[in-house]
Amino acid sequence: MSALKSGKPICTTGKNLAGLWRPSFVKVNHQLFVFGGGGNVTDNLHALDLYTMRWDAVQVRFISLLH
């Protein structure tokens, strides 16, 4: 991660997430998770591996807590 410089564009691989508006971010260990955002509200979850700089979609299974 030492190649990251503040204010400089970075190159990533995988599905680019350009154009998301107000998504939620959280960093866990060496991954940056991005949830939602977009012109239309989405429930997509993506992860950027900060070592390889590759984006991947994360498959999530939602379970209702209401019975």
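- Looking at an unreviewed UniProt entry, one finds the protein named Glyoxal oxidase N-terminal domain-containing protein and attributed to Phycomyces blakesleeanus.

## A closer look at the sheet that holds strand β1 (residues 24-28)
Either a parallel or an antiparallel arrangement is found when strands of a sheet pair, and the pairing is made through backbone hydrogen bonds.
Move 1: Across the sheet, which stays open at both edges, the 4 strands sit in the order β1-β2-β3-β4 with antiparallel pairing between neighbours. In this open sheet, the two strands that pair with only one neighbour each are β1 and β4 (54-57). Across the sheet, the axes of successive neighbouring strands diverge by a mean angle of 25 degrees, strand direction being ignored.
Move 2: Here 5 bridges tie β1 to strand β2 (residues 31-35), and the two strands are oriented antiparallel to one another. From the neighbouring strand, Lys27 faces β2, where its bridge partner is Leu32.

Criteria and thresholds
- All chains use their own residue numbering, which begins from 1 and follows the written sequence.
- The model is predicted, so local features are restricted to residues of pLDDT at least 70 and side-chain atom pairs to those at 80 or more, both for listing and for counting; the totals for chains, interfaces and linings are taken over all residues.
- Think of the side-chain values as coming from all heavy atoms in the structure, minus any hydrogens and water.
- One bridge is not enough; two strands pair if DSSP finds at least two bridges between them.
- Helix and strand assignments follow DSSP, with helices taken as H or I runs no shorter than four residues and strands as E runs no shorter than two, numbered in order from the N terminus.
- Fitting a line to C-alpha atoms yields each axis, with helices limited to the stretch in contact; the angle taken between N-to-C directions then spans 0 to 180 degrees.

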